[in-house]
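Examining the three-dimensional arrangement
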Amino acid sequence: MLNYTVKLDSVKDLVELKKLADRFDINGKINQNGFHGDMRSVLRNIFYLPLDEATIEIDDYRESQVGYISEAINKLSA
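First, a word on what this report is: a plain description of the structure on this page. Along each chain, residue indices are assigned from 1 in the same order as the chain's sequence is written. Whole-chain, interface and lining totals are the exception, using all residues; otherwise, since this is a predicted model, local features are given only for residues with pLDDT of at least 70 and side-chain atom pairs are given and counted only at 80 or more. Hydrogens and water molecules were not included; the side-chain quantities draw on all heavy atoms of the structure.

**Let's talk about the overall build of the protein chain**
Each helix is a run of DSSP H or I of at least 4 residues and each strand a run of E of at least 2, with the numbering of both proceeding from the N terminus. For the protein chain, the count of helices and strands is 3 helices and 4 strands. Scanning the protein chain from its N terminus toward the C terminus, one meets helices and strands in the order β-α-β-β-α-β-α. Its C-alpha atoms put the protein chain at 35 × 20 × 20 Å along the principal axes. For the exposure calls, accessible area comes from a 1.4 Å probe over protein chains only, and a residue counts as buried if that area is under 20% of its type's maximum, exposed if over 50%, partly exposed in between. Per-residue burial for the protein chain yields a buried fraction of 38% across its 78 residues. To measure how exposed things are, a 1.4 Å probe is used in the Shrake-Rupley method; for residues, cover is taken only from the protein chains shown. In the structure as shown, the protein chain presents an accessible area of about 4,800 Å², 48% of it carried by carbon and sulfur atoms.

Below, the structure is given as structure tokens:
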């Protein structure tokens, strides 16, 4: 499982996260203070913005993608 701390302030950030999930064909969850959302669901997560110190848990990925995923998520890092 991969864990990253991110800051999601806007719909644009949620869209970027969904694009990242689609590009790498990964699944994961966004967690912050009792909120648990799917990283592919933009509309459901809008109501919980801003997510200042959210943790993303990615559990479905290929080992060869870890470096690329980490690099892409760095844009959203808190």
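**Focus on the environment of Asp25**
In this fold, Asp25 is placed in the loop between helix H1 (11-24) and strand S2 (27-32). When the C-alpha positions of Asp25 and Arg62 are compared, they lie 9.2 Å apart, and in sequence the two are 37 residues distant. When checking whether two residues touch, look at their non-hydrogen atoms; a contact exists if any pair is within 4.5 Å. Not counting chain neighbours up to four residues away, the residues in contact with Asp25 comprise Arg40 and Asp60.

**Some points on the pattern of salt bridges**
Within this document, salt bridges are pairs made up of a side-chain nitrogen of Lys or Arg and a carboxyl oxygen of Asp or Glu, the two lying within 4 Å of each other. In total, this model carries 3 salt bridges according to the counting rule given. Here Asp22 and Lys18 are joined by a salt bridge, their closest N and O atoms 2.8 Å apart. With Asp22 and Lys18 both in helix H1 and 4 residues apart, this pair spans about one turn of that helix.

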